[in-house]
Amino acid sequence: MTDNGSNFQKAFREYGEEGTESSNPELEDELMDTGVEDHDELEFNSVSELDQRQADDFLPRNQPCASHTLSLVCVRDIAQVKVRHLKSAFAKCSAILNKMTRSTKTSEQVKAICGKLLSRPCPTRWNSFFDSIVSILEHKEKLQLLCDALAVPYISENELEFLEEYRTCLQPAAVALDRLQGDKNCFYGELIPTLLVVEKKLATIQDTQYCQQLVAALLSGIRRRFKEYLELDETKSDAIVAAVSHPFFKLRWVPVQKVDFAREIFINKMVALNNTSKLNVAANESTSAACQLQEMDNQFFEFPTTAEQSEHPTLEEKKRVQCSQYLADRDDGIHLLHKFPFVKKGFIKFNTTLPSSGPVERMFNYAGMILSPKRRLLSDDLFESVLLLKLNKYVI
């Protein structure tokens, strides 16, 4: 899982597995600027390529960051649409936020008027800018007083109406980003259901005075960038299985015409997963003595057997039955997985991947805090241990 920076995309395009998602040229042309130049005129050859490129030289399959891609929709695709009052309203909001952070005095003025500081945007996170707009609208009755105190231009009534519509229209995408970038309860199986919900909510937004074209651009961008996910393409079978194996989602999120398709993919993946494993190793070990006694009884007693009695369910049949029982169970808690060991194993396998690179990027931020100039002599093992302790302090 990486972000959509051109440096990552080129690395996986050159050294990744064949068919990796990073080879999508449409995505590469609209990536955010990472500040790393892409020198196509230079060609570097590693020592291993002098003999033969081995399988170990290849990078694993890359999955672009879903939250980064959704942010591109909310930034790049919207920027191509001309909406009345968009630039002027955003410029005045930015003026308020910039003036607030310029000095301690202005920050105290904002806190005195609003009761708290306004949310400050992060340059690399679009949803943080959305949160800043929302925090300004929460104090719209005090905006005139706030603008006077900060000596910035007033936000007009038309611009306020636009900002209200902007908050309503972009709310589904902002909530989706917060969920996909979360640290807790964030599974790969949430990706497709979240995208389908965002698409559905945006499609129901009508009769807007300023943001009708903005909503259309959002829908177009989501459907173009997440086409395979929204159409439940077979190439995204891992994402489908990850969602169905999540007890909260199961098949509730699947469109009616795709229910049989999703069920079949889920069951087939569960059957193929570790096909040589036992249904329940602990149970088999605890009942081994009973099985031996039963075998002795079968050797002593000889009864005529019918065709039905002679047929024993295979491991594949047991898996299919367990998957059907799991899908029919009305419980939607995560603890449900303990009742179905095969489904639990599949859930762990397909939901290990995160839908966003946000948690990984936060880990890099913690690493910078730990590896300070006074602690630069930390060994690799000690540095890794301290970092893991910092990240898991609520678990340990």
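Nothing here was measured: the structure is a model prediction, and the numbers come from that model. (Residues numbered from 1 in each chain as written. Predicted model: local features only at pLDDT ≥ 70, side-chain atom pairs only at ≥ 80, totals over all residues. Heavy atoms only, no water.)

## What to know about the overall build of the chain
The helix and strand inventory of the chain stands at 20 helices and zero strands. Per-residue burial over the chain gives 39% buried out of 396 residues. In the chain, the share of contacts with a sequence separation of at least 24, taken over all contacts with a separation of at least 6, comes to 74%. For the chain, the accessible surface area stands at approximately 24200 Å², while carbon and sulfur atoms represent 53% of it. (Helix = DSSP H or I, 4+ residues; strand = E, 2+ residues; numbered from the N terminus. Buried < 20%, exposed > 50% of the residue type's maximum accessible area, 1.4 Å probe, protein only. Contact = heavy atoms within 4.5 Å. Areas by Shrake-Rupley, 256 points an atom, 1.4 Å probe, with all protein chains shown as cover.)

## Considering the nonpolar core
Of all hydrophobic cores here, the largest spans 89 residues; its most connected members are Phe 162, Leu 170, Leu 214, Trp 253 and Phe 266. The dominant element in this core, judged by the number of residues it contributes, is helix 8 (residues 157-180), at 11 residues. Ignoring sequence-local partners within four residues, the contact set of Leu 170 consists of Cys 74, Ile 78, Trp 126, Phe 130, Leu 214 and Leu 218. (Core = buried A, V, L, I, M, F, W, Y, C linked by side-chain atoms within 4.5 Å.)

## Describing the pattern of salt bridges
Summed over all chains, the structure comprises 12 salt bridges. Note that Asp 77 is salt-bridged to Arg 224, the shortest N-O span being 3.3 Å. Of this pair, Asp 77 sits in helix 3 (residues 66-79) while Arg 224 sits in helix 10 (residues 212-225), and the two are 147 residues apart along the sequence. With relative accessibility at 31%, the residue Arg 224 sits in the partly exposed group. (Salt bridge = Lys/Arg side-chain N within 4 Å of Asp/Glu carboxyl O.)

## Considering the side chain of Asp 77
Accessibility expressed as a relative area gives 6% for Asp 77, which makes it buried. One polar contact links Asp 77 to Arg 224, side chain to side chain, over a distance of 3.3 Å. (Polar contact = N/O pair within 3.5 Å; in protein donor to acceptor, adjacent residues only side chain to side chain.)

## Concerning helix 5 (residues 104-114)
Within helix 5, the full set of buried residues consists of Thr 106, Ser 107, Val 110, Ile 113 and Cys 114. Down the axis, helix 5 shows its buried residues gathered within 130° of arc, on one side only. Residues Thr 104, Lys 105, Glu 108, Lys 111 and Ala 112 are exposed on helix 5 and point more than 90 degrees away from its buried face. (Arc of directions from axis to C-beta.)

## Some points on unusual backbone geometry
For Leu 232, which is not a glycine, the phi torsion comes out positive at approximately 55°. Structurally, Leu 232 can be placed in the loop between helix 11 (227-230) and helix 12 (237-244). Although it is not a glycine, Lys 250 adopts a positive phi angle of roughly 45°. Take Lys 250: it is sitting in the loop between helix 12 and helix 13 (259-272). With relative accessibility at 7%, the residue Lys 250 sits in the buried group.

## Considering helix 6 (residues 126-137)
End to end, helix 6 covers 17 Å across 12 residues, agreeing with the expected 16 Å (1.5 Å per residue, within 8%). Burial within helix 6 is extensive, with 11 of its 12 residues counted as buried. Buried residues of helix 6: Trp 126, Asn 127, Ser 128, Phe 129, Phe 130, Ser 132, Ile 133, Val 134, Ser 135, Ile 136 and Leu 137, and no others. (Expected span 1.5 Å × (residues − 1).)

## Remarks on the confidence of the model for the chain
Taken as a whole, the chain shows an average pLDDT of 79; of its residues, 75% reach a score of 70 or greater. Per-residue pLDDT stays below 50 along residues 22-42; that stretch engages in 35 contacts with residues further than four places along the chain or on separate chains. This model gives residues 276-287 a pLDDT under 50, and the stretch forms 11 contacts once residues within four places in sequence are excluded. (pLDDT = per-residue confidence, 0-100.)

## Observations concerning the packing of aromatic side chains
Under the definition given, this model contains 11 aromatic pairs. Arranged with centres 6.0 Å apart and planes meeting at 40°, the rings of Phe 162 and Tyr 166 form a pair that is tilted. Within this pair, Phe 162 and its partner Tyr 166 are both found in helix 8, separated by four residues, close to a single helical turn. Taking the relative accessible area as the measure of exposure, Tyr 166 reaches 1% and is therefore buried. An aromatic cluster of at least three residues, connected via ring pairs, comprises Phe 90, Trp 126, Phe 129, Phe 130, Phe 162 and Tyr 166. In this arrangement the basic side chain of Arg 252 is found over the ring face of Phe 248, its NZ or CZ atom lying 4.7 Å from the centre. Between Lys 258 and the ring centre of Phe 261, over which it is positioned, the NZ or CZ distance is 5.2 Å. (Phe/Tyr/Trp six-rings, centres within 6.5 Å; stacked < 30°, edge-to-face > 60°. Lys NZ or Arg CZ within 6 Å of the ring centre and 35° of its normal.)

## Focus: the side chain of Ser 132
Among the secondary structure elements, Ser 132 is positioned in helix 6. Excluding anything up to four places from it in sequence, Ser 132 contacts Leu 97, Ser 119, Arg 120 and Pro 121.

## Some thoughts on the packing of helix 8 against helix 9 (residues 191-203)
Across the interface, helix 8 lies against helix 9 with an axial gap of 9 Å and an inter-helix angle of 170°. One way to sum up the angle between helix 8 and helix 9 is to call them roughly antiparallel. Touching Cys 169, Pro 172, Ala 173, Ala 176 and Leu 180 of helix 8 are Leu 191, Thr 194, Val 198, Lys 201 and Leu 202, all from helix 9. Broken down by class, the residue content of the contact of helix 8 with helix 9 amounts to eight nonpolar, one polar and one charged. (Axes fitted to C-alpha atoms, helices over the stretch in contact; angles between N-to-C directions. Parallel < 35°, antiparallel > 145°, perpendicular 65-115°, else oblique. Nonpolar A, V, L, I, M, F, W, Y, C, P; charged D, E, K, R; others polar.)

## Concerning the environment of Leu 146
Along the chain, Leu 146 turns up in helix 7 (residues 143-150). On the accessibility criterion, Leu 146 (2% relative accessible area) is buried.

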